[in-house]
Amino acid sequence: MAGVHWAVRQCLSRPDRAYAGGMRTFEWVDNAIVTPDRRLFTHQHRDLRLTTVETLITAIQTLAVRGAPALGVAGAFGVALSAHLHPNEPERVKADADRIANARPTAVNLAWGVARALTRLAEGPAAVLAEAQAVLDDDERMNKAAAARAADLLTRLTPDRPLRILTHCNAGRLATGAWGTALGAIRDLAERDAVDYVVAT
């Protein structure tokens, strides 16, 4: 893997070290959202501990949290955070949800994640958190399925040689909830020993 860029190599060879939080990009720890600060990669790592809706909105607006699927997960967990902070104030939670959805108006996934979490608001904070967790679970499952299909296709199209891959976008687990989209496919291919090198621009 000598030709693999440092950040890609970290994900391919040492997924346990890709970020301190583990395999997933979002965690709910002691009533807070914990997620890596994307502004510092690839040479530094710092987890953000988001304990208020305001800190989540700031993280989204300053690109500490970015990537379409990641924003969907962040939106869902943001509603869970508000529901936890204001358990008997559904109108306050709805107002916070609107603010979260509008933190990046062009991010369709953000508004989608917020709306999905809100469907459980009447059931209480635990149900909203369970729905946010389900958004994260679904994202990981869909990423792995898409990555496997892409890896299968590339393996069929190029069965006789290892791949030399160029990627331009942050499409790994940091842009999603867990596995990654394009980088997820590269990880899958690497596990099959089908990758010669990766250039990440």
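Preceding block: the structure.
Residues numbered from 1 in each chain as written. Predicted model: local features only at pLDDT ≥ 70, side-chain atom pairs only at ≥ 80, totals over all residues. Heavy atoms only, no water.

Engineer: Account for the pattern of salt bridges, with residues named and values stated.
Structural biologist: Under the criterion given, the structure shown has 18 salt bridges. Residue E54 is joined to R99 by a salt bridge in which the shortest nitrogen-to-oxygen separation is 3.2 Å. With E54 in helix α2 (residues 53-61) and R99 in helix α4 (residues 90-101), this residue pair connects regions lying 45 residues apart in the sequence. Residue class for R99 comes out partly exposed when judged on its relative accessible area of 35%. Between R116 and D138 there is a salt bridge, with its nearest N and O atoms 2.8 Å apart. You can see R116 sitting in helix α5 (residues 108-118) and its partner D138 sitting in helix α6 (residues 125-157), a full 22 residues away along the chain. (Salt bridge = Lys/Arg side-chain N within 4 Å of Asp/Glu carboxyl O. Helix = DSSP H or I, 4+ residues; strand = E, 2+ residues; numbered from the N terminus. Buried < 20%, exposed > 50% of the residue type's maximum accessible area, 1.4 Å probe, protein only.)

Engineer: Lay out helix α7 (residues 182-191) with the relevant residues and their values.
Structural biologist: Summarising burial for α7: eight of the ten residues are buried, a large majority. Turning to α7, its buried residues number three or more, namely L183, G184, A185, I186, R187, D188, L189 and A190. At the C-terminal side of α7, D193 shows a positive phi close to 55°.

Engineer: Account for α4, with residues named and values stated.
Structural biologist: The end-to-end C-alpha separation of α4 is 16 Å, in line with the 16 Å expected for twelve residues at 1.5 Å each. Looking only at α4, the buried set comprises V93, D96, A97, I100 and A101. Along the axis of α4, the buried positions cluster into a sector of 135°, meaning they face one direction only. Tucked inside the fold, the buried residues of α4 contact α2, α3 (68-85) and α5. (Expected span 1.5 Å × (residues − 1). Arc of directions from axis to C-beta. Contact = heavy atoms within 4.5 Å.)

Engineer: Now, about the environment of K144: what can you tell me, with residues and values included?
Structural biologist: Looking at the secondary structure, you find K144 in helix α6. Along the chain, K144 and G184 lie 40 residues apart, while their C-alpha atoms are 6.9 Å from each other.

Engineer: Tell me about the packing of aromatic side chains, residues and numbers included.
Structural biologist: For the structure on display, the rule yields two aromatic pairs. Judged by centre distance (6.5 Å) and plane angle (10°), the ring pair of F26 and F77 falls under stacked. Separated by 51 residues along the polypeptide, F26 in the loop between α1 (6-13) and β1 (27-28) and F77 in helix α3 bring together distant segments of the chain. A residue is classified by how much of its surface remains accessible, and F77, at 1% relative accessible area, is buried. Aromatic pair W28 and F77: ring centres 6.5 Å apart, planes at 20°, arrangement stacked. Residue W28 is found in strand β1, and its partner F77 is found in helix α3; the two are separated by 49 residues along the sequence. For W28, a relative accessible area of 23% gives the class partly exposed. Ring pairs connect the aromatic residues F26, W28 and F77, which therefore count as one cluster. (Phe/Tyr/Trp six-rings, centres within 6.5 Å; stacked < 30°, edge-to-face > 60°.)

Engineer: Before we move on, could you go through the pairing of strand β2 (residues 33-36) and cite the residues and values that matter?
Structural biologist: Side chains on a regular strand alternate between the two faces of the sheet. Of the two faces of β2, the one holding I33 and T35 and the one holding V34 and P36 are both buried throughout. Relative to β2, β1 runs antiparallel, the two sharing two bridges. Bridging across to β2, E27 finds its partner in V34. Here β1 folds back onto β2, and the loop between the two strands holds four residues, one of which, D30, carries a positive phi near 50°. Bridge count between β2 and strand β3 (residues 47-50): four bridges; the pairing is antiparallel. Within the sheet, the bridge partner assigned to T35 lies in β3 and is L48. (Pairing = 2+ DSSP bridges.)

Take it as geometry only, folks, not as evidence of what the structure does.
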